Amino acid sequence: MLLGILSDTHDNVAAVERAVAAFDERGVDTVVHCGDYIAPPVLPFLEGLTVHGVLGNNDGELDGLEAGFRALGNGSALHGRFAALSLDGADVAVLHGEDRDRVAELAASGDYDLVCYGHHHEAEVRDVDGTTVCNPGAQFPTVPAEHRSVATYDTATGETTLVDVSE
């Protein structure tokens, strides 16, 4: 399975459309979103994907976000502030990541193949003793182009790729 990783969409519909196009081009059908949607109107643009999301520090309208995830169908779910998922044999932790120490703890635990986080608006992929740590970047308009990206993770090989989705 090729898993899509997205974060910090901040109501940026055009960026979500670019992200979904990048995922479609690569055959991604399941996505984790590391939070900061801001409001529910961006969710319909993820239609057709299975989306596992967590809440970020700027996510307000909780009832609307929950309803938006239910409307996506396909097993999509809003998991609260943290998700521990098993996707095609890969153990995946998803959080927004305000606390870098928590990200480091999850990576060092050895419990996960992949730890996904956002919040800092800086794309990164690194290895911590066999665990891939990925911040896919952000879609906030003031983020520099080199950090306006999404990521993919191959559950069979562990290969993680950042994908530029800047304009």
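Residues numbered from 1 in each chain as written. Predicted model: local features only at pLDDT ≥ 70, side-chain atom pairs only at ≥ 80, totals over all residues. Heavy atoms only, no water.

## A few points about the packing of aromatic side chains
In plain terms, the rule: Ring geometry is summarised as follows: Phe, Tyr and Trp rings, the Trp one being its six-membered ring, pair when their centres sit within 6.5 Å, and such pairs are stacked at plane angles under 30 degrees, edge-to-face over 60 and tilted between the two. Labels follow the DSSP assignment, with helices taken as runs of H or I lasting at least four residues and strands as runs of E lasting at least two, numbered in each case from the N terminus. For every residue, the accessible area obtained with a 1.4 Å probe (protein chains only) is divided by the maximum for its type, and the residue is called buried under 20%, exposed over 50%, and partly exposed between those limits.
Under the criterion given, the structure shown has one aromatic pair. A centroid spacing of 5.7 Å and a plane angle of 85° characterise the contact between Tyr37 and Phe69, whose relative ring orientation is edge-to-face. A residue pair is termed long-range when its members are at least 10 positions apart, and Tyr37 in the loop between strand S2 (30-33) and strand S3 (50-53) and Phe69 in helix H2 (residues 62-72) qualify at 32 residues. In this structure, Tyr37 and Phe69 share a single accessibility class: buried.

## With respect to the pairing of S3
Our working rule: Strand pairing is assigned whenever DSSP identifies at least 2 bridges connecting the two strands.
Here S3 shows no split at all, with Thr50 and His52 on one side and Val51 and Gly53 on the other all buried. In the sheet, S2 pairs with S3 via four bridges, with the strands oriented parallel. When the bridges of S3 are listed, Thr30 appears paired with Thr50. Pairing analysis gives two bridges linking S3 to strand S4 (residues 77-78), with the strands arranged parallel.

## Brief notes about unusual backbone geometry
Of note in this structure, Asp36 is not a glycine but carries a positive phi near 65°. Its location among the elements puts Asp36 in the loop between S2 and S3. Among the residues examined, Asp36 registers a relative accessible area of 1% and is labelled buried. A positive phi angle, near 55°, is found at Asp88, a position not held by glycine. The residue Asp88 is located in the loop between strand S5 (82-87) and strand S6 (90-95) in this model.

## Here's the deal with the pattern of salt bridges
The condition that has to hold: By salt bridge we mean one thing: a side-chain nitrogen of Lys or Arg within 4 Å of a carboxyl oxygen of Asp or Glu.
The final tally for this structure, using the stated rule, is four salt bridges. Between Arg26 and Glu25 there is a salt bridge; the shortest N-O distance is 3.5 Å. Glu25 sits in the exposed class, given a relative accessible area of 65%.

## Brief notes about the environment of Cys116
Put simply, the test is: For this analysis, residues touch if any pair of their heavy atoms sits within 4.5 Å.
Position of Cys116 among the secondary structure elements: in strand S7 (residues 114-116). When neighbours within four sequence positions are excluded, Cys116 is seen to be in contact with Ile5, Val32, Cys34, Val92, Ala93, Val94, Leu95 and Cys134.

## Some remarks on helix H3 (residues 100-108)
Here is the rule we go by: Our arc is simply the arc of the directions from the helix axis toward the C-beta atoms.
Every buried residue of H3 is accounted for by Val103, Leu106 and Ala107. For H3, the angular spread of buried residues about the axis comes to 100°, placing them on one side. More than 90 degrees from the buried face of H3, the exposed residues found are Asp101 and Ala108. Buried residues along H3 sit against S5, S6, S7, strand S8 (124-128) and strand S9 (131-135). Immediately downstream of H3, the backbone of Gly110 shows phi near 80°, a positive value.

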